[in-house]
Amino acid sequence: MTISPIAAKLDLGAELAKELSIEEAFSFTVAGHTISVDEGTVVSWAIILVMTVLALILTRNLKVEGEISRRQAILELVYEKGEDFFKNLMTPKTYDFIPWLMSMTLFIGISNMIGILAPSFFGIFKFENETAQEIFTALGSLKPPTKSMQVTAAMAITSIVIVEYANIRDKGLFGRIKAYTKPIWIITPINILELITKPLSLCMRLFGNVLAAFTIMELIKIVTRNTILPMVFSMYFDLFDGGLQAYIFVFLTSLYLAEATEEEEEEPKPKKDKKGRLKRKAKAN
């Protein structure tokens, strides 16, 4: 049996559109207004729940003194490495944001890598128990929440709000407003525009790269289905690229925090004589 190129193209496009679509998970009505929750939001909540439960389990019975467990030693090592990384990028005034940056790194990384839970992997497992098979099928249908622009936009806006908070906390409200007029007042509109361009850049960069990687992986899965090739390509597109995008997001956020709290160098004021006139530098003979 042969398949015409046109039919194959249409089937490929339909399957890709289905995988890229963000469907509604459930909806409810509040004061006559219907609020719908899509699958990207539900997966985000699930990731947050799993991260919270794991954090509670891993941080139980930690010791300050005496002999510590191997689990605590590994946790302290990972935290110290992450802390050292961010301290090299940020100023001491923003060190208290490091735990939030680490949490954001884990959330974005897991969200990007969740695409590895695909039907092409779980399809090789067959269970006699219907419940187990349904669970594996559900896991295989998970889509990266960062593929949804509203998720990446929410994270970008959160990052910029924290950056502005750090800026106001350091310089004060009046000092932050005054900073818009520097170095000269004429570029004030450009400085104000950064409030839009920074979160937009964070949002679109993460969304675009995750969407591109997800699209390529879905094309590979569709074309090479029932083979082991998707598992090989997934090592790059889901794991490496997913981790890289999480790194870039928090790296830029930490730089924005450092920029917001860095000390400004004041220009030396010209010296004046007793009559209030500016002194001129003596010319060398």
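In this text, all values refer to a predicted model and were calculated from it rather than measured experimentally.

**Some points on the packing of aromatic side chains**
Per the stated rule, a full pass over the model turns up four aromatic pairs. Where Phe-85 meets Tyr-247, the ring centres are 5.7 Å apart and the plane angle is 45°; that geometry is what we call tilted. Here Tyr-247 lies in helix 9 (residues 229-261) and Phe-85 lies in helix 3 (residues 70-87), a separation of 162 residues in the sequence. The exposure class of Tyr-247 is partly exposed, given its relative accessible area of 39%. For the pair Tyr-247 and Phe-251, a centre-to-centre distance of 5.6 Å together with 25° between the ring planes defines the contact as stacked. Taken together, the residues span about one helical turn, with Tyr-247 and Phe-251 both in helix 9 at a distance of four residues. Taken together, the aromatic side chains of Phe-85, Phe-86, Tyr-247 and Phe-251 make up a single cluster linked through ring pairs. Above the ring of Tyr-180, the side-chain terminus of Arg-176 is found at 4.4 Å from the ring centroid.

**Digging into the pattern of salt bridges**
Scanning all chains against the criterion turns up seven salt bridges. For the salt bridge of Lys-87 with Glu-83, the shortest nitrogen-to-oxygen distance reads 3.8 Å. Placement of the pair is Lys-87 and Glu-83 together in helix 3, with a separation of four residues, close to one helical turn. Among the residues examined, Glu-83 registers a relative accessible area of 21% and is labelled partly exposed. Across the salt bridge formed by Arg-169 and Asp-96, the nearest N and O atoms sit 2.8 Å from each other.

**Here's the deal with unusual backbone geometry**
For Asn-61, which is not glycine, the phi dihedral falls at a positive 55°. Along the chain, Asn-61 turns up in the loop between helix 2 (39-58) and helix 3. Residue classification places Asn-61 among the exposed residues on the basis of a relative accessible area of 64%.

Conventions we followed
Residues numbered from 1 in each chain as written. Predicted model: local features only at pLDDT ≥ 70, side-chain atom pairs only at ≥ 80, totals over all residues. Heavy atoms only, no water. Phe/Tyr/Trp six-rings, centres within 6.5 Å; stacked < 30°, edge-to-face > 60°. Helix = DSSP H or I, 4+ residues; strand = E, 2+ residues; numbered from the N terminus. Buried < 20%, exposed > 50% of the residue type's maximum accessible area, 1.4 Å probe, protein only. Lys NZ or Arg CZ within 6 Å of the ring centre and 35° of its normal. Salt bridge = Lys/Arg side-chain N within 4 Å of Asp/Glu carboxyl O.

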